[in-house]
Amino acid sequence: MPDLESVRADQAVRILLEETDPVRRARAHYVLSRRALERDDEPSARDHLSEAIDLDPTDERPRVALKDLTRPEVSKRGLASVFRFLRGE
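Residues numbered from 1 in each chain as written. Predicted model: local features only at pLDDT ≥ 70, side-chain atom pairs only at ≥ 80, totals over all residues. Heavy atoms only, no water.

**Q** Even after reading the chapter, I still don't get helix H3 (residues 42-55), so can you show me in this structure?
**A** Along an α-helix, a turn takes 3.6 residues, which lines up residues three or four apart on a common side. Its 14 residues give H3 an end-to-end C-alpha distance of 20 Å, which sits within 8% of 20 Å, the value for a rise of 1.5 Å per residue. Residues of H3 that are buried include every one of Ala 45, Leu 49, Ala 52 and Ile 53, and no others. Relative to the axis of H3, the buried residues are bounded by an arc of 100° and lie together on one face. Among the exposed residues of H3, those pointing more than 90 degrees away from its buried face are Pro 43, Asp 47 and Asp 54. (Helix = DSSP H or I, 4+ residues; strand = E, 2+ residues; numbered from the N terminus. Expected span 1.5 Å × (residues − 1). Buried < 20%, exposed > 50% of the residue type's maximum accessible area, 1.4 Å probe, protein only. Arc of directions from axis to C-beta.)

**Q** What is the right way to read the environment of Ser 50 from this model?
**A** Position of Ser 50 relative to the elements: it lies in helix H3. Of the residues examined, Ser 50 reaches a relative accessible area of 31% and is grouped as partly exposed. Through-space distance from the C-alpha of Ser 50 to that of Ala 26 is 9.3 Å; in sequence the pair is 24 residues apart.

**Q** What should I look at first to understand the pattern of salt bridges in this one?
**A** Side-chain pairing between opposite charges can occur once the charged atoms of the two side chains come close. A full pass over the atoms with the stated rule returns eight salt bridges. Note that Arg 8 and Asp 10 form a salt bridge whose closest N and O atoms lie 3.1 Å from each other. The salt bridge involving Glu 42 is made with Arg 46; its shortest N-O contact spans 3.2 Å. Taken together, the residues span about one helical turn, with Glu 42 and Arg 46 both in helix H3 at a distance of four residues. The exposure class assigned to Arg 46 is partly exposed, which follows from its relative accessible area of 27%. Linked by salt bridges that have partners in common, Arg 14, Glu 18, Glu 19 and Arg 24 make up one network. (Salt bridge = Lys/Arg side-chain N within 4 Å of Asp/Glu carboxyl O.)

Below you can see the structure in the form of structure tokens.
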């Protein structure tokens, strides 16, 4: 991935409103997805990550972040039942 100028959080909304460059817009969406995650707003984070992927499919960061969000978490209770099964309980 080329070393391009990064987008600061305080610039992201302005970029989305004023710029047409898809790479800059994708980076703005990526930054906004991280801010949404800081607020525990996963639906907004998913939306921003999807937009970033659509705008710049060469940037792997949004794709990896979206995959991490959609990865099912193993519950402790479910994991405990697996260990009980393995121990023969």
